[in-house]
Amino acid sequence: MTSWTDLIGPAVVAERDGVPVIGSLIAGRGVAAEHELDPRISPATGTVLFHGGDKGEGGVEDALATARAAFDDGPWGRATGRDRGRVLARTAMLLEQRAERFAEMLVLETGKPIREARGEVAATVNAFEYFAGLARDLNGRTLRDISPDLFAFTVREPAGVAGLIIPWNFPLAILGQKLPPALAAGCTVVVKPSPLTPLSTLAVAALLSEAGLDPGVMSVVVADGAAGAALVAHPDSDVISFTGSTGTGRRIAAAAGSQRLKRVAMEAGGKTPVIVTRNADLDEAVEGLLFASFFNQGQVCVAGSRILADARIAEELTSRMAARASTMRLGDPYDAATEMGPLVSAAHYEGVLAGVGKAVSQGATLVSGGAPAEVAGTAAAPFLSPTVLWSEEDTNHGVREELFGPVVVVQPYEDVVDVARRANRSSFGLAASVWTTDLDEALDLTFALRTGTVWVNGSTDAFPELPLGGRRDSGYAAEFGREGLEFFTELKTVQMRRAAAPAWYAR
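Calculation notes
Residues numbered from 1 in each chain as written. Predicted model: local features only at pLDDT ≥ 70, side-chain atom pairs only at ≥ 80, totals over all residues. Heavy atoms only, no water. Helix = DSSP H or I, 4+ residues; strand = E, 2+ residues; numbered from the N terminus. Rg over C-alpha atoms; globule rule 2.2 N^0.38 Å. Buried < 20%, exposed > 50% of the residue type's maximum accessible area, 1.4 Å probe, protein only. Contact = heavy atoms within 4.5 Å. Areas by Shrake-Rupley, 256 points an atom, 1.4 Å probe, with all protein chains shown as cover. Lys, Arg positive; Asp, Glu negative; His and termini not counted. Charge placed at Lys NZ, Arg CZ, Asp CG, Glu CD. Core = buried A, V, L, I, M, F, W, Y, C linked by side-chain atoms within 4.5 Å. Pairing = 2+ DSSP bridges. Expected span 1.5 Å × (residues − 1). Arc of directions from axis to C-beta. Polar contact = N/O pair within 3.5 Å; in protein donor to acceptor, adjacent residues only side chain to side chain. Axes fitted to C-alpha atoms, helices over the stretch in contact; angles between N-to-C directions. Parallel < 35°, antiparallel > 145°, perpendicular 65-115°, else oblique. Left-handed = near helix turned anticlockwise from the far one by under 90°. Nonpolar A, V, L, I, M, F, W, Y, C, P; charged D, E, K, R; others polar.

### Observations concerning the overall build of the protein
The secondary structure content of the protein amounts to 15 helices and 22 strands. Here the C-alpha atoms of the protein give a radius of gyration of 24 Å, agreeing with the 23 Å that 2.2 N^0.38 yields for 507 residues. Across the 507 residues of the protein, 58% fall into the buried class. The contacts of the protein with a sequence gap of at least 6 include a subset with a gap of at least 24, amounting to 72%. Of the roughly 20600 Å² that the protein leaves accessible, carbon and sulfur atoms contribute 52%. Separation of charge centres in the protein, based on 46 positive and 61 negative side chains, amounts to 7 Å.

Structure representation (structure tokens):
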């Protein structure tokens, strides 16, 4: 474990009792909080990680003014795609060179196991590399056959100032979904990370500066929810990209139209249905479902937290999952052998535990786990034992609601046609997973499920080439892929005539 303060540069504004005090980063300089949040306790060490973060709007006004000036008068939005791509490519290279230090910092601020943190860094490098290339390929269309004397074309222009709101569960990877395409498109940005996990964002801002990005192009506001609301409603933000809970998403959608209409890309909550048919390879399914359920301590919007299993195999699947879950290694997140680390905070832990209790009170059977876990040899905390529930009722709290922790509920089904209907009755529509060795069954279920992503014999994978997006209460618009880049652009149509033409009604 190494120090992280040099990774975030000027965002360290002071020191208090040997602990760094961090501020927002505006125009390349650190700005201390006016009304400081409570100290952040690292789930990985149990000690104070940093002071800082603002209880108020935390410099949103200054950050947006900086971004607006940089967009209206600066060179970034007018630069060639090649020049923007070079900055992103250099950032990817710098991040890869410092990958281990970034992974260690991720463990400190999230508590996730080091091997998962390393994967998150690698995914973010991949995202920067992908959008570095795509920056050079942002094109419109040409149309010549509309009228003999008319030549028309479309162009994609940067949308302006982008507000990016990042959650705490994957603070680096989700930044990688939003920031590289926004910059590749030519936008200037104001990023509001979770005040629990701002270090990753501040460190990426420092890398971008080193790679040649003008300081005014990216600001980072380290503050509580009031800052997010101000960022969304302010007239100087042009587009918003948000990842977080459905409840917060609803408020953002309303606020985005309060002053003037602005587009929002929203990835909200999820409750991924996982359908395991009688034709599934159970050995592969059990290991795959354990990963889908307990990866990042289940703090994943696409976690496979609801398993619908054919009644002929459901009990065997449940007992095998419970047995394997009971052997999962909970421990020091810096130990490469650790399979599960602590939850992100004590408050979140209490919420997940309460959710398990509510599911059981409504009739779910607690098969395994569901209790605090005491883990020797580490100060990391709080740990919740991996939890397997059984419920035959679709109305159960554990079935309907996103608990966002290491909790999975198994349900039996009788009919493969009806199971897709049951899955689709959820208010969420982010992702689904199908486990079967029958190709026809896989295709039938894939097309029947109304979600933004369907995995077959897999789960949770994301690649920058492929768009991600949800339906219903899971949000709308896409991140990643060409679609993710085009979100940060505005489409302009140009009509050019060889000579003046009579009005349309006189032709």
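### A word on the nonpolar core
A general feature of soluble globular proteins is that nonpolar side chains tend to end up buried together. Core analysis: the biggest nonpolar cluster contains 79 residues, and W4, F102, L179 and L208 have the highest contact counts within it. Ignoring sequence-local partners within four residues, the contact set of F102 consists of L7, L95, V121, L172, S200, A203, V204 and L207.

### Regarding the pairing of strand β6 (residues 48–52)
Counted residue by residue, β6 has four buried out of five residues, so it is predominantly covered. Bridge analysis of strand β2 (residues 19–22) against β6 gives two bridges, and the strand direction is parallel. Each residue of the ladder has a partner; that of I22, found in β6, is G52. Alignment of strand β5 (residues 40–41) against β6, held across two bridges, turns out to be antiparallel. Its bridge partner being in β6, R40 is matched across the sheet by F50. Here β5 hands over to β6 after six residues, with G46 in that stretch at a positive phi of 75 degrees.

### Describing helix α10 (residues 314–325)
Since there are 3.6 residues in each turn of an α-helix, residues three or four apart along the chain are aligned in direction. With twelve residues, α10 ought to run about 16 Å at 1.5 Å a step, and its terminal C-alpha atoms sit 16 Å apart, in line with that. For α10, the set of buried residues is A314, L317, T318, M321, A322 and A325. For α10, the angular spread of the buried residues around the axis is 125 degrees, confining them to a single face.

### Side note on the side chain of D238
Among the secondary structure elements, D238 is positioned in the loop between α7 (225–233) and β12 (239–243). A polar contact of 2.7 Å, which involves the side chain of D238, links it to the backbone nitrogen of V161. Among the polar contacts listed, one links the side chain of D238 to the side chain of R260, at a separation of 2.7 Å. Non-local contacts of D238, meaning those with residues more than four positions away in its chain, are made with R68, A159, G160, V161, R260, K262 and R263.

### Side note on the packing of helix α9 (residues 282–294) against α10
Following both chains from N to C, one finds α9 and α10 inclined at 55 degrees, their axes separated by 10 Å at the closest point. When the interaxial angle is binned, α9 and α10 end up oblique. Between α9 and α10 lies a crossing whose hand is right-handed. Between α9, through L282, D283, V286, E287, L289, L290, S293 and F294, and α10, the contact on the second element is made entirely by E316, L317, R320, M321, R324 and A325. In terms of residue class, the contact of α9 with α10 is made up of eight nonpolar, one polar and five charged.

### Some thoughts on unusual backbone geometry
A cis amide bond links A381 to the next residue, P382, at an omega of 5 degrees. With respect to the secondary-structure elements, P382 resides in the loop between β16 (365–368) and β17 (387–390). Of note, D17 is a non-glycine position whose phi angle comes to about 55 degrees, a positive value. Mapped onto the fold, D17 is located in the loop between β1 (12–16) and β2. Note on D17: relative accessible area 77%, which makes it exposed. Unlike most non-glycine residues, A477 shows phi in positive territory, near 70 degrees. Residue placement: A477 occurs in the loop between β21 (475–476) and α15 (481–487).

### Concerning the sheet that holds β5
Spatially, four strands are ordered β1-β2-β6-β5 in an open sheet, and the strand pairing comes out mixed. Each of the sheet's edge strands pairs with one partner strand only, and the pair in question is β1 and β5.

### Thoughts on the packing of helix α2 (residues 81–97) against helix α4 (residues 114–134)
Close contact between α2 and α4 brings their axes to 8 Å; oriented N to C, the two are set at 160 degrees. As summarised for this structure, α2 and α4 are arranged roughly antiparallel, according to the angle between their axes. Considering how the two elements wind past one another, α2 and α4 form a crossing that is left-handed. For the pair α2 and α4, contact is made by G85, L88, A89, T91, A92, L95 and E96 and by V121, T124, V125, F128, E129, F131 and A132, respectively. Its residues assigned to classes, the contact of α2 with α4 comprises nine nonpolar, three polar and two charged.

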